[in-house]
Amino acid sequence: MKRRSIIMAAMAAMTVSRASVSFGQSPDLPHPLAAVWDAWKAAYMEPNGRVVDLMQGGASHSESQGYGLLLAATMQDADAFNTIDDWTIRHLRVRQDNLLAWRWLPQTTPAVPDNNNASDGDLFYAWALIRAAKAFDRPALTERATAIARDLSDTCIQNHPDGSGRLVLTPAATGFQRDTGLIWNPSYLMPLAMEDVADATGTDRLRIAARDGISILDDLASLGLVPDWVELRAEGSAPVAGMTDANGYEAMRTPLFLIWSGMPQHLAVKQQARAYGAANTVAGSTPTVMDRLNGRVLEVSDNPGYSAVSGLVGCAVRANAGSFMPSFDPSQPYYPATLQFMTLLAQIETLPRCVPL
Amino acid sequence: MRYPVLAFILSCAWSPTLAQVGAENGQIDLSLLLNGPQIASSDDGLPQIPSVEVAIQVPAALPRYVRDDAGDNPTLPATDAGDTKPNRPNFAMSAMGSEIHRLSGEYDEIAVDLDVPLGSAMNDLIITYRNSINIMADNSTITVLHEGVEIAKWQPNAPAGFQTVILPANTLTLGLNRIVIRAEQSHRIFCGPEASFAIWTDINLARSGIDVANGTGAPNIDNFRRAARAQIVADGTLPLVTAVVPATRLMRDLERRSAALGTSGPARLLLQSPYSVTSEGVTSGAQARIVLLAASDFPGVAKLPEVRHSPQGPLILLMSTDTTADMLDDLLPLPSAIVVPPDLTPGQVTTLNALNVDDIAIRSRYRRVDVPFRLPDDWLVLTAQRAQLDLQYRYAENLPEGSLFLIKVNGITVRRLPLFGEGGVVLPELPVRFSARLLKPGFNNISFEAIIPGDPSDMTCPNIEGPLLEVSGNTLVNVPASPRMQLPRLSLGMQRLTPESVDLVANLDGPPHVEEIATMLAVHLVALDDELPPQDMARLTVRSLERINQVPLDMMSLDRSTVVRALTPQKPERTDQALDVAVTEDRFAQPSQRAGRNSDEIRSGITSSWLRVRALAWPGDLPLANWMVGRQGQALLLMPDPTHPLNLWLIVGASADAGSVARALAAGRLDPLGPDGQAALLTEDGVWESWRPNAGAPSLNEPLTLANARAVAGNYASWSPVWFVGLLACFMSISVLLGLNYVVSTRGSLKR
């Protein structure tokens with residue numbers, strides 16, 4: 001890359017980093033993640049707007065579409081936004097309500113074998129529509145987001161079984177309920193998204209569920225790391241048999257979302273940072289699955305996306321500048337790559353001092 | 001639910017515990033509730049609660065994803081087994097160098113000062129080598145010595161590619177260790193100079209050195225330097241991660257400092273955004289990088305640079321835009337001045353020992369040993385004066401007929417001596433006289449070259465104990481003194497170039513490679529003289545062909561088209577067939593055309609004759625425009641005004657390679673065959689072709705006295721015989737006329 005181009009890009013990045021960057025920066029300057037976005041699109045998004053997760057057999061799901069749509073809206077890429085949205089509507093919007101079926105399988109009939117939704121996919125989808133409505137000046141997108149938010153509120157928000165009155169965002173419209181409690185995925189809680197959607201659509205239950213979810217995270221973090229899955233019961237919480245209660249690939253999003261939501265000092269973030277710091281792994285590998293109670297490392301990965309999450313979490317709890325986040329690598333699988341992208345976004349939008357070193 | 005009772009009991013057991021979320025420190029002691037092992041607390045105070053298995057039917061409808069990337073083996077326990085990527089340079093090694101060094105011929109060696117950083121835990125001494133397939137392993141050895149003591153010896157056996165030999169490092173010490181790797185090699189079939197060229201061992205210096213125990217990547221100065229050095233060795237770059245536009249001065253300063261890390265050349269600073277994308281899975285900066293943060297954005301970042309250790313492995317030098325150059329001196333000191341060849345004082349007899357050359361021992365069938373030295377810049381001998389070597393040498397017995405010993409001065413053979421007939425004895429001192437005008441002001445070389453054929457050439461070389469040729473360090477060198485005179489020469493300005501000398505193209509609209517060349521020059525031109533005051537420094541202005549109008553070509557009677565033609569790659573030459581066609585077509589030209597061509601031939605004949613006469617009268621090259629006809633190169637170095645020899649210009653062609661131009665210019669300062677005269681063309685092969693006109697007369701830098709008059713006159717006469725003869729003729733004529741006038745005037749008075 002010629003030195004002059006690098007300097008121009010660096011100047012753009014400098015200009016962006018000067019402000020406490022939030023979504024909606026000046027369209028005249030390239031976003032500092034412009035190169036990352038181009039690489040992400042080329043690696044994970046097909047021309048028809050389908051975001052492909054090769055590790056799921058090449059499937060697409062509401063999560064990947066929701067993440068992709070959010071990234072497109074944040075990067076103000078109208079073409080990509082429209083393409084992703086179009087594919088998603090045609091292939092995942094098959095339910096009676098405004099929520100999305102959670103998964104589409106290629107070369108399978110039917111391509112959508114399960115009509116259940118995934119609430120995090122719908123949440124991110126609605127959030128993307130909100131951001132896009134602002135970025136592209138398309139009020140109609142807010143109306144669509146409102147419809148999704150209301151259906152989320154109606155079908156995916158339940159009372160905590162402990163009688164506290166706290167609202168819980170369930171993983172899906174069905175399948176979460178047990179006789180003894182309800183199954184919860186803490187990483188589906190994205191407070192910033194829920195607050196933004198609630199503000200834009202007037203869906204107050206989402207806002208309440210966000211705040212109550214943080215409170216539940218307080219409970220879990222007081223015991224150790226946040227688990228991937230947990231059963232919320234009248235008497236508290238318990239592991240779910242047959243589902244991992246380790247701090248793994250799901251739960252690693254929790255500290256990221258808390259940081260992105262402006263809560264870098266939440267106990268869950270601190271616990272995660274402590275566990276990462278105590279892990280004795282080889283250079284270049286990051287713990288991806290840890291015992292939630294004693295932090296013992298059960299699995300590692302050398303995908304830079306996970307290292308990025310670890311880097312941002314580590315920086316969030318420190319006071320000094322700079323974080324150890326590696327360069328974006330489009331050769332890694334979709335999930336760590338997308339996590340890395342969101343980590344970089346969270347850093348730019350909420351923790352500028354944690355600029356990657 | 002399969003175990004409802006158990007579930008109920010356990011839920012009761014859990015309930016008071018798990019409901020106590022208000023515990024101040026999060027510690028929950030279950031030892032009273034569970035009849036299990038004592039619950040221990042971790043150092044963080046987190047309780048280690050055994051997981052409870054409750055058989056709850058998993059709902060099939062909940063979204064589930066396969067996230068791990070381990071395939072059928074989901075568990076990859078964390079280990080600290082060390083670097084598992086053998087193909088990547090491991091910065092946990094104090095390497096011997098950065099390039100591949102070739103040991104060639106029957107006997108050759110390399111000496112390296114290996115630095116073992118303080119605080120390191122040494123594992124092994126590693127030598128990575130390969131050898132030519134022509135080597136007869138049974139009769140060859142590689143020996144490694146530490147401080148003169150042999151620590152390992154083995155037969156070379158790596159004709160197929162690089163192999164690594166692991167040696168114990170227990171004799172090495174922290175700090176500098178002198179390591180010598182010596183190769184004694186025999187050709188398996190032939191003997192002689194050609195066979196000598198065909199036997200070699202390559203030492204990969206980047207993969208040879210001390211293997212330091214992993215985990216010594218503590219963020220300190222020494223480790224950062226090692227890591228940076230390894231990074232530069234890996235791909236020649238040192239990433240500079242920044243979201244601000246770095247000042248050009250800072251970039252140059254950092255590049256110059258990187259040159260002092262001990263690599264074969266400075267690093268290319270690779271500007272990177274903090275939000276960069278790796279390319280094809282390759283990340284630059286895997287060992288070390290520099291991060292620059294804007295002080296205005298990160299006021300908490302200290303001015304003083306600090307080193308941090310990334311969990312991904314690299315060591316990071318963190319600095320802010322408020323960091324000043326002197327704050328980097330501890331971390332990345334500037335390179336010290338180049339060690340130049342020793343001075344030789346004309347008029348005084350000097351030994352080779354005094355020129356830092358010990359006894360020379362040649363053990364190969366072909367070997368050349370150079371003895372560089374430096375004469376004063378204002379030493380000038382153009383006459384037939386002689387310099388002299390009083391050679392003390394000996395050679396082995398029974399060397400075959402045809403063995404030769406060549407003595408060369410700046411590449412010109414001045415004496416050929418046989419190396420057969422009187423071998424095995426110390427020969428009487430032999431005076432070797434040669435023309436002093438083969439020497440030049442500045443850097444010179446005297447070379448001793450041995451060519452010893454095989455005996456016979458189609459059989460392996462016989463074993464000969466000891467050197468084949470020895471030249472004593474007591475050999476004397478006597479270069480005649482000269483009056484302090486100077487001819488305008490590029491080499492004078494070249495030696496005064498410093499990193500501050502280069503005039504960078506002021507704007508960024510020029511071709512990027514010119515800026516790159518200027519930057520590379522500023523980095524490569526490490527000063528030859530630490531003490532050079534600013535007013536004595538030379539100035540080098542770099543321009544591209546697009547900016548050639550800014551170059552004062554008219555001062556050298558040079559036109560733009562000639563320069564453009566010389567610095568632009570030309571089309572292939574016409575083939576013979578095309579030439580035949582041209583000749584055939586020519587045959588059918590009209591008479592008027594033929595007449596025109598005949599007159600052209602006559603004109604060119606007159607011109608060439610005049611040029612020959614001119615060359616006799618004023619020895620020197622043709623005018624520059626004529627001299628450049630038919631020449632091709634990648635850069636042209638000019639000294640437009642001989643009265644200002646420190647003002648140099650460099651015109652670079654479109655195809656010029658920044659690195660090779662910069663290196664050629666830097667190396668040319670010390671090379672007797674480097675740029676000289678008033679213009680020099682750098683060919684595509686990296687060779688300098690110098691234009692030496694006879695334009696400017698030598699300048700005399702001392703008063704003319706009776707003592708130096710003869711030498712001064714001799715130089716002027718040699719500079720231009722016709723001019724000098726003409727001057728003498730004038731003096732003679734004036735003398736004759738005066739004499740005649742006197743005779744005539746006095747003769748008349750005598751008659752009266």
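Residues numbered from 1 in each chain as written. Chains lettered and ligands numbered in written order. Predicted model: local features only at pLDDT ≥ 70, side-chain atom pairs only at ≥ 80, totals over all residues. Heavy atoms only, no water.

Across its full length, chain B holds 13 helices and 34 strands. Burial statistics for chain B: of 752 residues in total, 47% are counted as buried. In the structure as shown, chain B presents an accessible area of about 37600 Å², 54% of it carried by carbon and sulfur atoms. (Helix = DSSP H or I, 4+ residues; strand = E, 2+ residues; numbered from the N terminus. Buried < 20%, exposed > 50% of the residue type's maximum accessible area, 1.4 Å probe, protein only. Areas by Shrake-Rupley, 256 points an atom, 1.4 Å probe, with all protein chains shown as cover.)

Residue and element names in this part refer to chain B. A sheet is described by the order of its strands in space; here five strands give the open sequence β12-β11-β13-β15-β14, paired in mixed fashion. Because the sheet does not close on itself, it has two edges, and the strands there are β12 (268–272) and β14 (306–309). Neighbour to neighbour, the strand axes of the sheet diverge by 30° on average, direction disregarded. Direction of pairing for strand β13 (residues 288–293) relative to strand β15 (residues 315–320): parallel, over a ladder of six bridges. By the bridge assignment for β15, L293 is matched with S320. Its contacts with the sheet place helix α4 (residues 248–259) against β11 (237–242), β12, β13 and β15, and it is angled at close to 130° to β12. (Pairing = 2+ DSSP bridges. Axes fitted to C-alpha atoms, helices over the stretch in contact; angles between N-to-C directions. Contact = heavy atoms within 4.5 Å.)

Let us look at the side chain of B:S276. You can see B:S276 is positioned in the loop between β12 and β13. Among the polar contacts made by the side chain of B:S276, one reaches the side chain of A:S327 at a distance of 2.8 Å. Sequence-distant contacts of B:S276, defined by excluding residues within four places in its chain, comprise A:V36, A:S327 and A:F328. (Polar contact = N/O pair within 3.5 Å; in protein donor to acceptor, adjacent residues only side chain to side chain.)

Before going further, it helps to examine the sheet that holds strand β6 (residues 230–233) of chain A. All names here are of chain A. Read across the open sheet, the three strands follow the order β5-β6-β7; overall the sheet is antiparallel. Either end of the sheet is taken by a strand with one partner, and the two such strands are β5 (181–184) and β7 (236–238). Looking at each pair of strands side by side, their axes are set apart by 30° on average, direction ignored. Taken together, the three bridges between β6 and β7 define a ladder with antiparallel strand orientation. Of the residues in β7, the one forming a bridge with R233 is G236. Along the sheet face, helix α8 (residues 204–221) touches β5, β6 and β7 and points at about 90° away from the line of β5.

Moving on: helix α11 (residues 304–316) of chain A. Look at α11(A): 18 Å from first C-alpha to last across 13 residues, which is about the 18 Å you get at 1.5 Å a residue. Where burial is concerned, most of α11(A) is hidden: 13 out of the 13 residues are buried. (Expected span 1.5 Å × (residues − 1).)

In this structure the tally under the stated criterion is 33 salt bridges over all chains. Linking B:K408 and B:E449 is a salt bridge whose minimum nitrogen-to-oxygen distance equals 2.9 Å. Linking B:K408 in strand β21 (residues 404–409) with B:E449 in strand β24 (residues 442–451), this pair joins segments that are 41 residues apart in sequence. The residue B:R489 makes a salt bridge to B:D676 at a minimum N-O spacing of 2.9 Å. With B:R489 in the loop between β27 (485–486) and α5 (490–495) and B:D676 in the loop between α11 (658–668) and β32 (679–682), this pair connects stretches of sequence that are 187 residues apart. Here the two residues B:R489 and B:D676 agree in accessibility, since each one is buried. Three or more residues are tied together by salt bridges with common partners; here these are A:E195, A:D199, A:D204, A:R207 and A:R211. (Salt bridge = Lys/Arg side-chain N within 4 Å of Asp/Glu carboxyl O.)

This part covers the confidence of the model for chain A. One rule of thumb: low pLDDT means the predicted coordinates there are not for detailed reading. Looking at chain A, the pLDDT average stands at 91 and 92% of residues meet or exceed 70. The low-confidence segment residues 1–22 of chain A (pLDDT under 50) makes 39 contacts with residues lying over four places distant or belonging to another chain. (pLDDT = per-residue confidence, 0-100.)

With that settled, consider the state of the cysteines. One way to say it: the disulfide is the covalent bond shared by the sulfur atoms of two cysteines. Under the defined criterion, the tally for this structure stands at two disulfides over all chains. Each sulfur of the disulfide joining A:C315 and A:C354 lies 2.0 Å from the other. Its torsion about the S-S bond being -90°, the disulfide of A:C315 and A:C354 is classed as left-handed. Taken as a pair, A:C315 in helix α11 and A:C354 in the segment after α12 (334–350) lie far apart in primary sequence, 39 residues in all. Judged by relative accessible area, A:C354 falls into the buried class, the value being 0%. Across the disulfide, B:C191 is cross-linked to B:C461 (sulfur-sulfur distance 2.1 Å). Here the disulfide of B:C191 and B:C461 is right-handed, its torsion about the S-S bond being about 105°. Of this pair, B:C191 sits in the loop between β8 (175–184) and α2 (193–198) while B:C461 sits in the loop between β24 and β25 (469–471), placing them 270 residues apart in sequence. (Disulfide = S-S within 2.5 Å.)

That bond from A:T109 to A:P110 is cis: its omega, -5°, falls within 30 degrees of zero. Within the element layout of this structure, A:P110 appears in the loop between β2 (103–104) and α5 (119–135). At the junction of B:D455 and B:P456, the peptide bond is cis and its omega measures out at -5° in the coordinates. Inspection of the secondary structure puts B:P456 in the loop between β24 and β25. Here A:Q107, not a glycine, exhibits a phi torsion of approximately 50°, which is positive. Along the polypeptide, A:Q107 turns up in the loop between β2 and α5. Exposure remark for A:Q107: the relative accessible area of 86% places this residue in the exposed category. With a phi close to 50°, B:N410 is a non-glycine residue in the positive phi region. Secondary-structure assignment places B:N410 in the loop between β21 and β22 (412–418).

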